[in-house]
Amino acid sequence: MGTVRPVAYLLGFGGYAPERVITNDDWAEWVDTSDEWITQRTGIKQRRFAADDESTMTLAADAAAVALKDADLTPDDIDEIVVATDTPEMMTPDTAALVQDRLGCRHVPTYDLGGSGCAGFVQAIDVAGSRIAVEPKRILVVGVELISRMISMKDRATAVLFGDGAGAVVMGPDEGRAEVLGVVSGTDGSAAEILTLAAGGTRNPFNEKSLLSGDYNRLVMDGRKVFTEAVRRMSEAAGDVLSKVGRSLNDVKLVIPHQANKRIIEAVRKKMGLSEEAVYVNVDRFGNTGSATVPYAMFEAVRDERINEGDLVVLTAFGAGFHWSAAAVQF
Ligand code: ACO
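Residues numbered from 1 in each chain as written. Predicted model: local features only at pLDDT ≥ 70, side-chain atom pairs only at ≥ 80, totals over all residues. Heavy atoms only, no water.

K.L.:
Looking at this structure, I do not really get the nonpolar core. What am I missing?
P.N.:
Most often, soluble globular proteins keep nonpolar side chains buried together rather than apart. Grouped together as the largest cluster of nonpolar side chains are 46 residues, with contacts concentrated most on W27, I264, V314, F318 and F322. Only β9 (178–187), α8 (223–244), β12 (252–257), α9 (262–272), β13 (312–319) and β14 (323–330) provide two or more residues apiece to this core. Looking at which element gives the most residues to this core, the answer is α8, with eight residues. In terms of domain composition, this core takes at least three residues from each of domain 1 (8–176) and domain 2 (181–330). (Core = buried A, V, L, I, M, F, W, Y, C linked by side-chain atoms within 4.5 Å. Buried < 20%, exposed > 50% of the residue type's maximum accessible area, 1.4 Å probe, protein only. Helix = DSSP H or I, 4+ residues; strand = E, 2+ residues; numbered from the N terminus. Domains from an automatic or database assignment.)

And the structure:
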């Protein structure tokens, strides 16, 4: 089943994209690829890469600071922090602890939701919503990835897909800008091997052998299976969450899908019978930023008034695991 019904509000929205823009033509200088290939297969035109003095923690904290300001809150107001990431600052401790210190929050509990790939942020909304339902508190929820430093920049089949970035929300029990009406989440662990970054785990520890074989940063992906499952799970999860909260697609102003590539988004749109205006797309400008795509897209959509008061919005995400998670959010 894997579903809960949180009652929580979104109080503020934030995002951070590193300044350095990497175009497809840049990639064509580094590996055997072309703007035409990348555009046709993925719809991606450019992505952002973090600067040398940035890290997962700084990206997360920068997005969180924007969300706090947007919510008119200070770090003192935060009671808990959850960071969804597959590219953490280090193996231990969690990135969330470092974000707490960076922002100057009180010594509140923090934890990472790691390994859920691109579904991590919506899963984190699910977890945070349940936490708020049992004990009223304000939770900072961040989705962040610094993928450019974790996967092989020589593997054209995977490297050109990704970018770095972060998105954040502040969640709370009080009346806010939007209410999370419900979330559905699920996992199919039998599909785990279809998309893995085993590097640094106990199966494939960092050592001389993994360094020499190149395993230390190898992202293993069956692109076609990922494609098919992503389309199926994201559209089904979006439909399921609407049924759960007693609403229909006709009520929905905007669907914000995980931004893996434009063809996946298009297939989800067609499967759900949605118009182009009803689906948010920024993968052309940022590439796939993993668990940051959904919160960053929501931040942009709110900032640019693609989402306004009264709008029903559906977030739907899919990632390694396979995990999927969708949320219905009433603005
Ligand atoms: N530039 C040029 N050629 C390339 C590149 C590249 N960057 N990458 C691969 N190719 C070549 C391959 O080597 C292959 O050549 P060959 O036929 O001589 O062997 C050819 O292009 C076709 O490769 P395919 O893998 O069959 O291409 P496909 O049409 O399946 O597209 C893609 C690949 C874009 C990865 C597609 O499968 C896809 O979008 N899958 C979804 C994966 C995804 O988005 N993952 C992101 C992480 S997971 C997530 O976010 C949920």
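K.L.:
How should I be thinking about empty space enclosed by the protein in this particular structure?
P.N.:
Over the atoms rolls a probe the size of a water molecule, and its path tells where empty space is left. In total, this model carries one cavity of 30 Å³ or more according to the counting rule given. Considered as a void within the structure, the largest cavity measures approximately 70 Å³ in volume. Considering the residues around the largest cavity, the lining is formed by Y16, A17, D164, G165, A166, Q259, N282, F286, G287, T289, T293 and Y296. For the lining of the largest cavity, the elements supplying multiple residues, two or more each, are β8 (165–172) and α11 (293–303). (1 Å grid on protein atoms, 1.4 Å probe; cavity = no way out; pocket = protein on both sides within 12 Å on 5 of 7 lines; lining within 4 Å. Points joined across faces, edges and corners; volume = space filled by probe spheres on them.)

K.L.:
What am I meant to see in the site of the ligand here?
P.N.:
By nearness alone, 22 residues border the ligand, and T33, R41, R224, H258 and N261 come closest of all. Contact between the ligand and R224: an oxygen atom at 2.7 Å from a side-chain N or O atom of the residue. Starting from 1000 Å² of accessible surface for the ligand in isolation, the protein chains cover 74%. Those elements that provide at least two residues to the shell around the ligand are α2 (35–42), α6 (156–159) and α8. Counting residues per element, the shell around the ligand draws most heavily on α8, which supplies four residues. Across the shell around the ligand, the residue classes tally to twelve nonpolar, six polar and four charged. Both of domain 1 (8–176) and domain 2 (181–330) provide at least three residues apiece to the shell around the ligand. (Near = heavy atom within 4 Å. Polar contact = N/O pair within 3.5 Å; in protein donor to acceptor, adjacent residues only side chain to side chain. Areas by Shrake-Rupley, 256 points an atom, 1.4 Å probe, with all protein chains shown as cover. Nonpolar A, V, L, I, M, F, W, Y, C, P; charged D, E, K, R; others polar.)

K.L.:
Is there a simple way to think about the packing of α8 against α9 in this case?
P.N.:
α9 packs onto α8 with a crossing angle of 45° between their chain directions and a minimal axis gap of 9 Å. As judged from the angle between their axes, α8 and α9 are oblique. Judged by the sense of rotation from one axis to the other, the crossing of α8 with α9 is right-handed. Along its contact with α8, which presents F227, A230, V231, R232, M234, S235 and A238, the element α9 presents R263, I264, A267, V268, K271 and M272. Of the residues contributing to the contact of α8 with α9, the split by class is nine nonpolar, one polar and three charged. (Axes fitted to C-alpha atoms, helices over the stretch in contact; angles between N-to-C directions. Parallel < 35°, antiparallel > 145°, perpendicular 65-115°, else oblique. Left-handed = near helix turned anticlockwise from the far one by under 90°. Contact = heavy atoms within 4.5 Å.)

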